[in-house]
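Spelled out from the first residue to the last, the chains are:
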Amino acid sequence: MRPFTLLKSHLLRVVTDDPWNRRHIGHDLGKAALYAERAGLGLPPQLHSVIAKLHPHFQRGGFQRDPSRSWPSDFSLDARNIARRLAQTLMEHERRQRRPLLLT
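Predicted model, so just to flag it, every value in this text is computed and none were measured.

So, how was this worked out
All residue numbers refer to position in the chain's written sequence, counted from 1. For this predicted model, a pLDDT threshold of at least 70 governs which residues receive local features, and a threshold of 80 or more governs which side-chain atom pairs are given and counted, while totals over whole chains, interfaces and linings are taken from all residues. Note: side-chain values were computed over all heavy atoms of the structure, leaving out hydrogens and water. Under the pairing criterion, centres of Phe, Tyr and Trp rings, with the six-membered ring standing for Trp, must be within 6.5 Å; the plane angle then separates stacked pairs below 30 degrees from edge-to-face pairs above 60, leaving the rest tilted. Comment: elements are numbered from the N terminus, with helices defined as DSSP H or I runs of at least four residues and strands as E runs of at least two. Three exposure classes are used, based on accessible area relative to the maximum for each residue type with a 1.4 Å probe and protein chains only: buried under 20%, partly exposed in between, and exposed over 50%. The directions considered for the arc are those from the helix axis to the C-beta atoms. Polar contact is the term for a pair of N or O atoms within 3.5 Å; when the atoms are in protein, one must be able to donate a hydrogen and the other to accept it, and sequence-neighboring residues count only if both atoms are side-chain atoms. To form a nonpolar core, buried Ala, Val, Leu, Ile, Met, Phe, Trp, Tyr and Cys residues must be joined to one another through side-chain atoms within 4.5 Å. Per-residue confidence from the predictor is reported as pLDDT, a score between 0 and 100. Only one rule defines a salt bridge in this text: a Lys or Arg side-chain nitrogen within 4 Å of an Asp or Glu carboxyl oxygen.

Further remarks concern the packing of aromatic side chains. This structure, assessed with the given rule, holds one aromatic pair. With centroids separated by 5.0 Å and ring planes inclined at 80°, the aromatic side chains of tryptophan 20 and tyrosine 35 adopt a geometry described as edge-to-face. Placement of the pair is tryptophan 20 in helix α2 (residues 18–24) and tyrosine 35 in helix α3 (residues 29–38), with a sequence separation of 15 residues. Overall, tyrosine 35 belongs to the partly exposed group, its relative accessible area being 21%.

Structure, rendered in structure tokens:
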């Protein structure tokens, strides 16, 4: 799971549409996090440090083009754990937003 995909899908679900995301967020991980927070999502605090490391590489299309990238030791494990926490946060947020159906 990529944090960026999770954030943009959350925004699509609650406040935006795809053209808006493309125009205002594009491939900017920081903006995706900012708008998700503005939409009421509490992000794991460590997500911002992951974004700071990933963002420059992501902006250059490095995940498709640069197989020689190197990351700080344990970064991959930390990033996965933070992405997992983000996914859990999104699931909890979704559960809180659901309203029970009132039967009449």
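Back to the text.
Those residues of α3 that fall on the buried side of the exposure criterion are Leu29, Ala32, Ala33 and Ala36. The buried residues of α3 occupy an angular sector of 95° when projected down its axis, which confines them to one face. Where α3 starts, the residue carrying a side-chain oxygen 3.0 Å from the main-chain nitrogen of glycine 30 turns out to be aspartate 28. Looking one or two residues past α3, glycine 40 carries a phi angle of roughly 100°, positive in sign.

Bringing the nonpolar core into the picture now. In terms of nonpolar packing, the biggest core is built from 21 residues, with Leu7, Leu41, Leu43, Leu47, Val50 and Leu86 touching the most fellow members. The element best represented in this core is helix α6 (residues 75–97), accounting for six residues.

Let us look at the confidence of the model for the protein. Averaged over all residues, the pLDDT of the protein is 80; the fraction at 70 or higher stands at 81%. Mean pLDDT across the secondary structure elements of the protein bottoms out at helix α5 (residues 62–65), with 56, and peaks at α3, with 90.

It is worth spelling out the pattern of salt bridges at this point. By the definition in use, this model includes two salt bridges. For the salt bridge of arginine 13 with glutamate 94, the shortest nitrogen-to-oxygen distance reads 2.5 Å. Highlighted residues: arginine 13 in helix α1 (residues 3–14) and glutamate 94 in helix α6, separated in sequence by 81 residues. Between arginine 22 and aspartate 18 there is a salt bridge, with the nearest N and O atoms lying 2.5 Å from each other. One end of the pair is arginine 22 and the other is aspartate 18, both in helix α2 and four residues apart, which spans about a single turn.

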